[in-house]
Structures are given as structure tokens and as C-alpha cells.
Amino acid sequence: MLMLGWTWGLLFAPQDAVQGNSYRIIFLHVPSVIFAELIYFFMAVCALMHLVWRVKLGAYLIKSAAPIGAMITFIGLLSGSIWGIPTWGTWWQWDARITSTLILFIMYLGILTLHGSFSNLEKADRLMSILVVIGVVNIPIIKKSVDWWSTLHQPASISVSGGSSIDPSMLYPLLISVIGLGFTLISLGILSSRSYIFIREKNKRWISENV
Amino acid sequence: MLRLVKAESFKLSKKLKSWLGPLLIMVLVLIAFPLSIDISQFDLDKFYFSIIIVSLLMTSFVATEGMFEEDFEDGSLEQEFLIEKDFYKLVLSKIFVYVCLIGIPIAFIGALFSFANGVAIGSFAKVFLLLSLSNLLLFNLFAFGNALSINKGAMLGVLSSLPLALPVIILLGTAVRSIQFGDGFAAIITLMIGVGLVMSAIMPLIISAALKTHID
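Only a predicted model underlies this, so the values are computations on that prediction, with no experimental measurement involved. (Residues numbered from 1 in each chain as written. Chains lettered and ligands numbered in written order. Predicted model: local features only at pLDDT ≥ 70, side-chain atom pairs only at ≥ 80, totals over all residues. Heavy atoms only, no water.)

Caption draft 1: How the structure looks around the nonpolar core. Counting residues in each nonpolar core, the largest one holds 104 residues, and the members touching the most others are Met43(A), Phe144(B) and Ile207(B). Apart from residues lying up to four places away in sequence, Ile207(B) is in contact with Phe68(B), Val91(B), Ile95(B), Asn140(B), Ala143(B), Phe144(B) and Ala147(B). Membership of the second largest hydrophobic core comes to 10 residues, among which are Tyr23(A), Trp83(A), Ile166(A) and Met170(A). (Core = buried A, V, L, I, M, F, W, Y, C linked by side-chain atoms within 4.5 Å. Buried < 20%, exposed > 50% of the residue type's maximum accessible area, 1.4 Å probe, protein only. Contact = heavy atoms within 4.5 Å.)

Below, the structure written as C-alpha cells:
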């Protein structure tokens, strides 16, 4: 599905009247940044599960999702930076949206580093969950940054309420790319969490009986 | 509570490097910056506030760096847990003492330097209030970072708590603009007081949970 979205977007969607072919990076950039935020939100829900109901799986899912979140945030930042050259004439701008996304990337690294620095994994799980819950404050800031401040970054072109300022010939491949990347990341998440659960539970009887 | 405040004040006053270090760093940065770049006073006045904000961020981080580490290493935290069964009061009094003994003097230094760099004399009180409130927020956040990393080094503390300081910096930037252009300051300061009160009530709970995890 991701390949379909990208092929449609990169080869068959029409050129943009102002940006020419350079706009085509949206088929990578937009899905990446959407999932950079969604993955963090998912991690925050898992962290609450772990802290409130002591569900171990919550912590395992955070630990598995964090590297994927970091990777996709990095791709979002990098693709945005590459897009910045033809559109803004600069690789980087200390604009509210870009800076808050960079902060999100640092948050992902912080979560991974925090977990990695404790040898007692149960302790690491709890501390990591606390940090994830507190860090969720950054998500609405990223989302609303383009509305709250006058930024170089454009406001959202698609809204959940249904409105879109993108022509359907570009919108459909974009939506397919978003859904496709979503499925790809879910698959990656399942694979990553499966191997992490095996690592953490390797001494448990259910592993030796079933695997 | 008063016992804890007294004990924490005594402990901090004995640790010279913990309270004097951040104050000296603040003064050094604020003096060194104008010397290190060759620009006119007019240009310097325009962005000197940014230097104050960055120095504030840096010094509040340095000030809170070892907030719980020593207590954790020497067993005071465990002892306190056995007496109180919770760290809420300890954290609250620690942050209170740090803000009073380090945060407010830092805010005073920052306000003095801003006054010397283009801010009108009538705005001194505004700047001082703004910087003091910012310190309250930053000390709460960095105390959280310190409680998470405890004895694992400053880098981890920065990684965990600096991103959370972003909203404070944004608020500060807006407040600075309102001081420079002379409108909307009351609304921002009210918002900061509100956030400060909420944070001072909630953060010790979260920090307490993090400290308990270390003791467990």
C-alpha cells in the first residue's frame, strides 16, 4: 500500500503549480511527521497502562515503539530539511514547528537512554513510563505550533473535520501513503515488540513451552 | 514540613558549590557574552534578554544537578521514606529551598543585567517577577530530570527534562515581547503563576514516584 501511494505520488500525481516537482517529498514527509506524533501518543497510553494497572506489556510496547518513533521523527526532520532548500532557501529554521519536532526527537532519545541506563529493568520500565507520560505535553505544542505562532512552516492542509486545501489528484496518493506507512510501522512494531517480549520473558515457562 | 525546610536550608547553605556555583555562572555568562562579540549597545539591547533566558536555563539546570544524588548515596532518602512513607513533603521543601536560596538570587542578577541593557527602570519589578516565576517552573522540571537520572549523570537529566522546559521558554519569550512592547504582561504573568502553582503541587508527586522507584 505504501508502494502504491509512493508510486502514484512520485510518478503519476501532477506537478505543483508553484513548487514544481519538489513538493513530492510530502509523500514521505507528511506521513512521517504524523506518525512521529501518533507513536508518542500511543506510548503515552501504554505508559499509563503500565503505571496505573501495572501491565508489563505497556512498558514492553513503549520500549519497542521508541526506536521506531525516533527513526520516523528523524526521517520527518530530514525530509523537511531537504524540502526546505527549494521552498524556503534554507536547510533549517528555528521555527516553532520544526523546533518542537526536534524536541520530540530528543524526547525519544531521552526515553531510550533512560531505559538503557538502569540494569534493573523493572525500575527502568517505571521511570521510562513516568517520563513518557510527562513528555506528552509536547504533542499538543507540536500540533498547535503553526496556529499559536507565526511560523515559516505552513498550517495544516488537511483537517480531521474533513476540510482539505490539497487537490484530490495529490490528496489521494498522500492519504494512501499515510495509511501505507501506518501499516508498515504497525508491522515493524509487532516484530520489534515480539522480539523484545521474548528477550524480557526468556526465563519464563510460557516461552519455553510455546517457542 | 518546617523541619524539612530547616534541614534542607541548612544542608544547602553548607554546600557552597551548589548555591554559589550557579550564581557565579550566571554572572560570568552575562558579563562574558557582550565582551565576546563586537556589536553596538543598540544591537545588544535588542537581544540581551535571550542571553538572560539561556543563562537562566543553564544555571537552573546546574543548580538542580545534584539535588537528590547526595541524599540517595548517603541513605538520607531511605531514612526519610521510613519516617514519612512518602517523599512529597521532602521534594516540596527541597524545591522551595532551592528556589529561595538559588532561584530568586539568580532572578535578581538577571533583572539587574537586563536593567543595564536597555530595559526601562520601571520594568525592573516585572523582569524580576518573570525570572523568579520561570525559575520556579524550571527548578520543578529539572528536579524531575534529576529524580529520574539520580546518580546516572547530568547528560541523562538533560535528555529527560530539557524537552519539558520548551513550554516554559516559549512562555518566557512571549512575556519578554510583552515587556518590550508594553502590553499583555498581566495576562502572561497570571498564566505563569497559575502554571507555577499547578506544577508546584503536581511535580513533587511525580518526582516522589520516581524517587520511590529508585528506593524500591
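The discussion continues.
Caption draft 2: Main features of the environment of Thr113(A). Note on placement: Thr113(A) falls in helix α4 (residues 96-116). When the C-alpha positions of Thr113(A) and Met128(A) are compared, they lie 9.3 Å apart, and in sequence the two are 15 residues distant. With near-sequence residues (within four places) excluded, Thr113(A) lies in contact with Leu156(B) and Leu159(B). (Helix = DSSP H or I, 4+ residues; strand = E, 2+ residues; numbered from the N terminus.)

Caption draft 3: Highlighting a negative patch on the surface. A grouping of Glu65(B), Glu69(B), Glu70(B), Glu73(B) and Asp74(B) is seen on the molecular surface, where their side chains present a negatively charged patch. Topologically, Asp74(B) is positioned in the loop between α4 (69-73) and α5 (76-84). (Patch = residues over 30% accessible without salt bridge, like charges linked within 9 Å, V, L, I, M, F, W, Y side chains within 5 Å. Areas by Shrake-Rupley, 256 points an atom, 1.4 Å probe, with all protein chains shown as cover. Salt bridge = Lys/Arg side-chain N within 4 Å of Asp/Glu carboxyl O. Lys, Arg positive; Asp, Glu negative; His and termini not counted. Charge placed at Lys NZ, Arg CZ, Asp CG, Glu CD.)

Caption draft 4: The packing of helix α6 (residues 88-115) of chain B against helix α10 (residues 185-215) of chain B, seen in detail. Residues and elements named next belong to chain B. Where α6 contacts α10, the axes come no closer than 8 Å and their chain directions differ by 120°. The angle between α6 and α10 falls in the class oblique. The way α6 lies across α10 gives a crossing that is right-handed. Of the residues in α10, those in contact with Tyr88, Val91, Leu92 and Ile95 of α6 are Ser200, Ala201, Pro204, Leu205, Ile207, Ser208 and Leu211. (Axes fitted to C-alpha atoms, helices over the stretch in contact; angles between N-to-C directions. Parallel < 35°, antiparallel > 145°, perpendicular 65-115°, else oblique. Left-handed = near helix turned anticlockwise from the far one by under 90°.)

Caption draft 5: The interface of chain A and chain B, seen in detail. With 21 residues of chain A in contact, the opposing surface of chain B contributes 16 residues. Where chain A meets chain B, there are 0 salt bridges. The tally of links from chain A across to chain B stands at 1 residue pair in polar contact (both at pLDDT 80 or more). Where the side of chain A that touches chain B is concerned, the elements lending two or more residues are α4, α5 (121-135) and α6 (138-148) of chain A. If you tally residues by element for the side of chain A that touches chain B, the top one is α4(A), at 8 residues. Taken together, the residues of the side of chain A that touches chain B break down into 13 nonpolar, 6 polar and 2 charged. (Polar contact = N/O pair within 3.5 Å; in protein donor to acceptor, adjacent residues only side chain to side chain. Nonpolar A, V, L, I, M, F, W, Y, C, P; charged D, E, K, R; others polar.)

Caption draft 6: Geometry of a nonpolar patch on the surface. Residue and element names in this part refer to chain A. Taken together, Trp8, Leu10, Leu11, Phe12, Tyr172 and Leu175 make up a surface patch of nonpolar side chains, about 640 Å² in accessible area. Per-element tally for the nonpolar patch: the top contributor is helix α1 (residues 2-12), with 4 residues. Relative to the helices and strands, tyrosine 172 is located in helix α7 (residues 168-200). Accessibility expressed as a relative area gives 46% for tyrosine 172, which makes it partly exposed.

Caption draft 7: Inspection of the pattern of salt bridges at higher detail. All names here are of chain B. Taken as a whole and assessed by the stated rule, the structure comprises 10 salt bridges over all chains. For lysine 212, the salt bridge goes to aspartate 86, with nearest N and O atoms at 3.1 Å. Placement of lysine 212 in helix α10 and of aspartate 86 in the loop between α5 and α6 is noted, with a sequence separation of 126 residues between them. When its relative accessible area of 27% is taken as the criterion, lysine 212 is described as partly exposed. Take aspartate 86: its relative accessible area is 25%, and that puts it in the partly exposed class.

Such coordinate-based values are descriptive only and should not be taken to indicate function.
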